[in-house]
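# Observations on chain architecture
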Amino acid sequence: MEFVGRNLFYRLCGIYCITCKETNKKYIGATTDKFCTRYILHESMLRRGKHNKIIQKDFDFYGEDSFCFEVLEVIDKNEREKIANREEYYIQKYDSQNNGYNCTSGGDGALRFDEETRRSIAEKNRVYMTGKKMPEEHKKKLTELNKNRPRTQKEKDHLSDFSTERRATSLF
C-alpha cells in the first residue's frame with residue numbers, strides 16, 4: 001500500500017484516508033496515535049484477510065498496490081473531540097459511508113471515551129495480558145521461520161525506512 005505524506009507519517013496524528021485507486025472508494029479514519037501506527041495496523045489486517053469485509057474484498061481483488069494511505073489533516077492528539085468531528089466531516093465530504101468503506105458516520109469509538117472509561121479499559125487489558133508470555137520454543141520457531149523468508153523489495157524498503165526513521169527520532 002502506497003502512502004502519501006511521508007514527512008507527517010512518523011510523528012503526528014489526525015485524520016487519514018485509505019483509497020482504492022481502481023474504484024476511488026475511500027476509508028476515512030482518525031487516530032490519536034502516530035499515522036505510521038495506524039498504517040501498519042491496516043496493512044497488517046488487510047494482508048492477513050482480517051479487515052472489514054467491504055475493503056478486504058477489494059484489497060484481495062485489486063491487490064495491495066491499488067491502495068493508497070494519505071494524511072488528510074493533522075490534529076493535536078489531545079483534541080479528541082475535534083478529531084472525532086473532523087472524521088465525521090470527511091466521511092460526509094467523501095460520502096465514504098454510502099460509497100466507500102466506512103461502516104459508520106464516524107466520530108465513534110475510542111476517540112470519544114472519557115478519561116475514566118479509557119483508564120478502565122486500559123486496566124482490564126493490563127489484567128488480561130498479565131503473565132501471558134509466548135513460550136521460548138515458539139519464539140525460536142518464529143525466529144527461524146522469519147530468518148529464511150524471502151522478502152519483496154517493497155518490504156525491504158519499508159523496513160529500511162522505518163528503521164532509519166526510528167533511529168532518527170530516538171535522537172530527539
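Bear in mind that the values here come from a model prediction, so they are computed numbers and not experimental data. (Residues numbered from 1 in each chain as written. Predicted model: local features only at pLDDT ≥ 70, side-chain atom pairs only at ≥ 80, totals over all residues. Heavy atoms only, no water.)

### Re the pattern of salt bridges
- For the coordinates displayed, the defined rule picks out six salt bridges.
- Among the salt bridges present, the one from E43 reaches R47, with a minimum N-O distance of 3.2 Å. Of this pair, E43 and R47 are both found in helix 2 (residues 35–47), four residues apart, which corresponds to roughly one turn of the helix.
- By relative accessible area, which is 7% here, E43 ends up buried.
- Across the salt bridge formed by E136 and K139, the nearest N and O atoms sit 3.2 Å from each other. Residue E136 and its partner K139 are located together in helix 6 (residues 136–147), separated by three residues, close to a single helical turn.
- Given the relative accessible area of 37%, K139 is considered partly exposed. (Salt bridge = Lys/Arg side-chain N within 4 Å of Asp/Glu carboxyl O. Helix = DSSP H or I, 4+ residues; strand = E, 2+ residues; numbered from the N terminus. Buried < 20%, exposed > 50% of the residue type's maximum accessible area, 1.4 Å probe, protein only.)

### A closer look at the nonpolar core
- Core analysis: the largest hydrophobic core is formed by 13 residues, its most contacted members being Y16, I18, Y27, I55, F67, F69 and Y101.
- Counting residues per element, the ones that place at least two in this core are strand 2 (14–20), helix 2, helix 3 (53–62) and strand 4 (67–74).
- Setting aside chain neighbours within four positions, we find Y101 in contact with C20, T23, K25, K26, Y27, N52, I54, I55, D58, F67 and S96. (Core = buried A, V, L, I, M, F, W, Y, C linked by side-chain atoms within 4.5 Å. Contact = heavy atoms within 4.5 Å.)

### Overview of a nonpolar patch on the surface
- On the surface, a cluster of nonpolar side chains totalling about 270 Å² of accessible area is made up of M134, L142 and L145.
- You can see L145 is positioned in helix 6. (Patch = residues over 30% accessible without salt bridge, like charges linked within 9 Å, V, L, I, M, F, W, Y side chains within 5 Å. Areas by Shrake-Rupley, 256 points an atom, 1.4 Å probe, with all protein chains shown as cover.)

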